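# Geometric and topological summary
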Protein chains: 2
Amino acid sequence: MNDKADLVSPKSRYEDLKKALKSSGLKLTKQRKAVLNALAGSDDHPDANQLHRRTQTIDKSVSLATVYRTMTELENNGVIHRLSFQGEPARFEAADTPHHDHIIDIDSGDVIEFQSEKIERLQAEIARELGYEVVHHRLELYCSKTVK
Amino acid sequence: MNDKADLVSPKSRYEDLKKALKSSGLKLTKQRKAVLNALAGSDDHPDANQLHRRTQTIDKSVSLATVYRTMTELENNGVIHRLSFQGEPARFEAADTPHHDHIIDIDSGDVIEFQSEKIERLQAEIARELGYEVVHHRLELYCSKTVK
DNA sequence: ATAACTGCAAAAGTTTTGCTACCAA
DNA sequence: TTGGTAGCAAAACTTTTGCAGTTAT
C-alpha cells in the first residue's frame, strides 16, 4: 500500500494534473483526460504499456503513441517525472508529490519512496567541491528485505 | 583526463580483464581479446557502438553482437558494470576500480567519478529503517559547472 | 478558423537471438 | 573432439515520427 497516494484521492489528483496540463498550454482532449485519469488512479509507477492498458479501460480509442506524446509533453513541463530504472522501460509518476528517491525491491519489483535531506545536502556538497552544481539527480537503492 | 584510468596502464588493465574473463570460465577468443583491449584502453564509459568501433580498430572482424554478448557475460560475472544513464544507451566500465558514483555534466556529457563513504552509510541506514538491505545502488548527479 | 492533436503504421534505435560454421581447450 | 563462440541477419522491444484527418479553443 502506498501512503502518499492515499493521502489524496484519485479524483483530486486528476484535478491537479488537469490544471497542470492546462497551465502548460496544452489542450484538454478526451484522450488526455483518459490518460490523466489512469495516471491519477495509479499508486505505483506504471510504464507506457501499463499506462496505456489502464487508459484503455477508460477510453478504448487512446493509442500508445498518445500516451507517449502526452508523457513527453508533461515531462517537458515538469508535470510528471520519467523514471528509468536499470534495464526496464521508462516509468512515469506525477510530479506533484514532494521530492523523493526510490528503493527498488529486487525480489518483488516493488518501488518504495523515501526522502533524505541529509543525502541531498551531501550530494550538493560533493558536487560543489568538484566545481559543479546539481541540477537533478537519481538515487536508486536496489534492495532485498531484511531477514529478521 | 581521468586520473583513475591513468593510475594503471591499458596493458595492465587488459591483463586484469583477461584474467577475470578466464576465471569466469569463458574462452579467450581473438574477438574477446580485441574487445577487452578496447575496453582497457578506454578511460571514459563507452556505449556498445563506441566500444564496437574501438574494437574494430584492433580487429575488423568483430561484430556488434559479440560486443553485446561479451558485455553481458562479463556483467553476469561481475567483471564489468553496465551503466544506464537517463535516456541514453547503456555504457560499460571495468569493475576493477573501487566503488564510485557518477556526476554527469549535462552540458558537455562528461562523466566524473566520485566516492562518498558518508552517502554510502546514509543509504544503508535509510534502507535498514525501512526493513531493507542495499544490494546495489545507483547515484547519478546531473550537474552543470559552477560559474565563479 | 486554425493550430494543436489524434490514430495508424512505419521508422528509428538499442539489444537479443536463431542459425550455421568455426575454433579454443 | 566438442561445447562454447562467432558473424550475420532477423527479431524483439521501446520510443518516436510522418501523414492525413479531427478537434478544442
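Residues numbered from 1 in each chain as written. Chains lettered and ligands numbered in written order. Predicted model: local features only at pLDDT ≥ 70, side-chain atom pairs only at ≥ 80, totals over all residues. Heavy atoms only, no water.

Attention shifts here to the protein's contact with DNA strand C. Neighbouring residues of DNA strand C: 21 residues in total, closest R32, S61, S63 and T66 of chain A together with Y68 of chain B. Within 4 Å of the protein, atoms of DNA strand C come from sugar and phosphate in 71% of cases. In the model, a phosphate oxygen of DNA strand C is placed 2.5 Å from a nitrogen or oxygen of the Y68 of chain B side chain. The side chain of R69 of chain B places a nitrogen or oxygen atom 3.3 Å from a base oxygen of DNA strand C. Those elements giving two or more residues to the surface near DNA strand C turn out to be α3 (30–40) and α5 (64–76) of chain A together with α5 (64–76) of chain B. Ranked by the residues each element gives to the surface near DNA strand C, the list is headed by α5 of chain B, at 5 residues. In the surface near DNA strand C, the residues fall into 9 nonpolar, 7 polar and 5 charged. (Near = heavy atom within 4 Å. Polar contact = N/O pair within 3.5 Å; in protein donor to acceptor, adjacent residues only side chain to side chain. Helix = DSSP H or I, 4+ residues; strand = E, 2+ residues; numbered from the N terminus. Nonpolar A, V, L, I, M, F, W, Y, C, P; charged D, E, K, R; others polar.)

Around DNA strand D sit 20 residues, and of these Y68 of chain A together with R32, S61, S63 and T66 of chain B come closest. Sugar plus phosphate, as a fraction of atoms of DNA strand D within 4 Å of the protein: 70%. L28 of chain A is positioned with one of its backbone polar atoms (N or O) 3.4 Å from a phosphate oxygen of DNA strand D. Within the side chain of Y68 of chain A, an N or O atom sits 2.5 Å from a phosphate oxygen of DNA strand D. Where the surface near DNA strand D is concerned, the elements lending two or more residues are α5 of chain A together with α3 (30–40) and α5 of chain B. Element by element, the count of residues in the surface near DNA strand D is highest for α5 of chain A, at 5 residues. Here the surface near DNA strand D is built from residues that sort into 8 nonpolar, 7 polar and 5 charged.

It is common to give the size of an interface as the accessible area that goes away when the parts come together. All names here are of chain A. Each assigned domain of chain A is listed here: domain 1 (4–94) and domain 2 (101–143). Domain 1 puts 8 residues into the contact, and the matching count from domain 2 is 8 residues. When domain 1 packs against domain 2, the two sides together hide about 630 Å² of surface, and 51% of this comes from carbon and sulfur. Counting across the domain 1 and domain 2 interface gives 0 salt bridges. At the junction of domain 1 and domain 2, the tally comes to 4 residue pairs in polar contact (both at pLDDT 80 or more). Looking at the side of domain 1 that touches domain 2 residue by residue, the class counts come to 2 nonpolar, 3 polar and 3 charged. (Domains from an automatic or database assignment. Contact = heavy atoms within 4.5 Å. Buried area = accessible area lost by both parts, 1.4 Å probe. Salt bridge = Lys/Arg side-chain N within 4 Å of Asp/Glu carboxyl O.)

What follows is about the relation of the copies chain B and chain A. Here chain B sits on chain A after a turn of 179° about the axis and a move of 0.0 Å along it, with an RMSD of 0.1 Å. What the rotation and shift describe, once combined, is the action of a two-fold rotation axis. The position closest to the rotation axis in chain B is occupied by the C-alpha of L139 of chain B, lying 2.2 Å away. (Least-squares fit on C-alpha atoms with pLDDT ≥ 70 in both.)

Residues and elements named next belong to chain A. Close contact between α3 and α5 brings their axes to 10 Å; oriented N to C, the two are set at 75°. Here α3 lies roughly perpendicular to α5, going by the angle between them. Taking contact as the criterion, the partners of Q31, R32, V35, L36 and L39 in α3 are, on α5, T66, V67, T70, M71 and L74. Of the residues in the contact of α3 with α5, the class split is 6 nonpolar, 3 polar and 1 charged. (Axes fitted to C-alpha atoms, helices over the stretch in contact; angles between N-to-C directions. Parallel < 35°, antiparallel > 145°, perpendicular 65-115°, else oblique.)

What follows deals with the confidence of the model for chain A. On average, chain A scores 91 in pLDDT, and the residues at 70 or more come to 95%. Across residues 1–5 of chain A the pLDDT falls below 50, and counting only partners more than four positions away or on other chains, this stretch makes 8 contacts in the model. (pLDDT = per-residue confidence, 0-100.)

The next subject is the sheet that holds strand β3 (residues 101–105) of chain A. What links the strands of a sheet is backbone hydrogen bonding, and the strands pair in either a parallel or an antiparallel sense. What the 6 strands build is an open sheet, ordered β4(A)-β3(A)-β5(A)-β5(B)-β3(B)-β4(B); its pairing is mixed. Where the open sheet ends on each side, the last strands, each with one partner, are β4 (111–114) of chain A together with β4 (111–114) of chain B. On average, each strand axis in the sheet is inclined to that of its neighbour by 25°, with strand direction left out of account. Taken together, the 4 bridges between strand β3 (residues 101–105) of chain B and strand β5 (residues 132–145) of chain B define a ladder with parallel strand orientation. When the sheet's bridge partners are listed, H102 of chain B is paired in β5 of chain B with E140 of chain B. Packing of helix α6 (residues 117–129) of chain A onto the sheet brings it into contact with β3 and β5 (132–145) of chain A together with β3, β4 and β5 of chain B, and relative to β5 of chain A it is tilted by some 130°. (Pairing = 2+ DSSP bridges.)

Residue and element names in this part refer to chain B. Counting through the fold element by element, L39 comes out in helix α3. Along the sequence, L39 and R54 sit 15 residues apart, while their C-alpha atoms lie 8.3 Å from each other. If sequence neighbours within four positions are ignored, L39 has contacts with R13, L17, P46, L51, M71, I80 and F92.

With that out of the way, let us pick up the pairing of strand β2 (residues 91–94) of chain B. Residues and elements named next belong to chain B. Side-chain alternation along β2 places R91 and E93 on one buried face and F92 and A94 on a second face that is also buried. Here strand β1 (residues 80–83) pairs with β2 via 4 bridges, running antiparallel. Of the residues in β2, the one forming a bridge with I80 is A94. (Buried < 20%, exposed > 50% of the residue type's maximum accessible area, 1.4 Å probe, protein only.)

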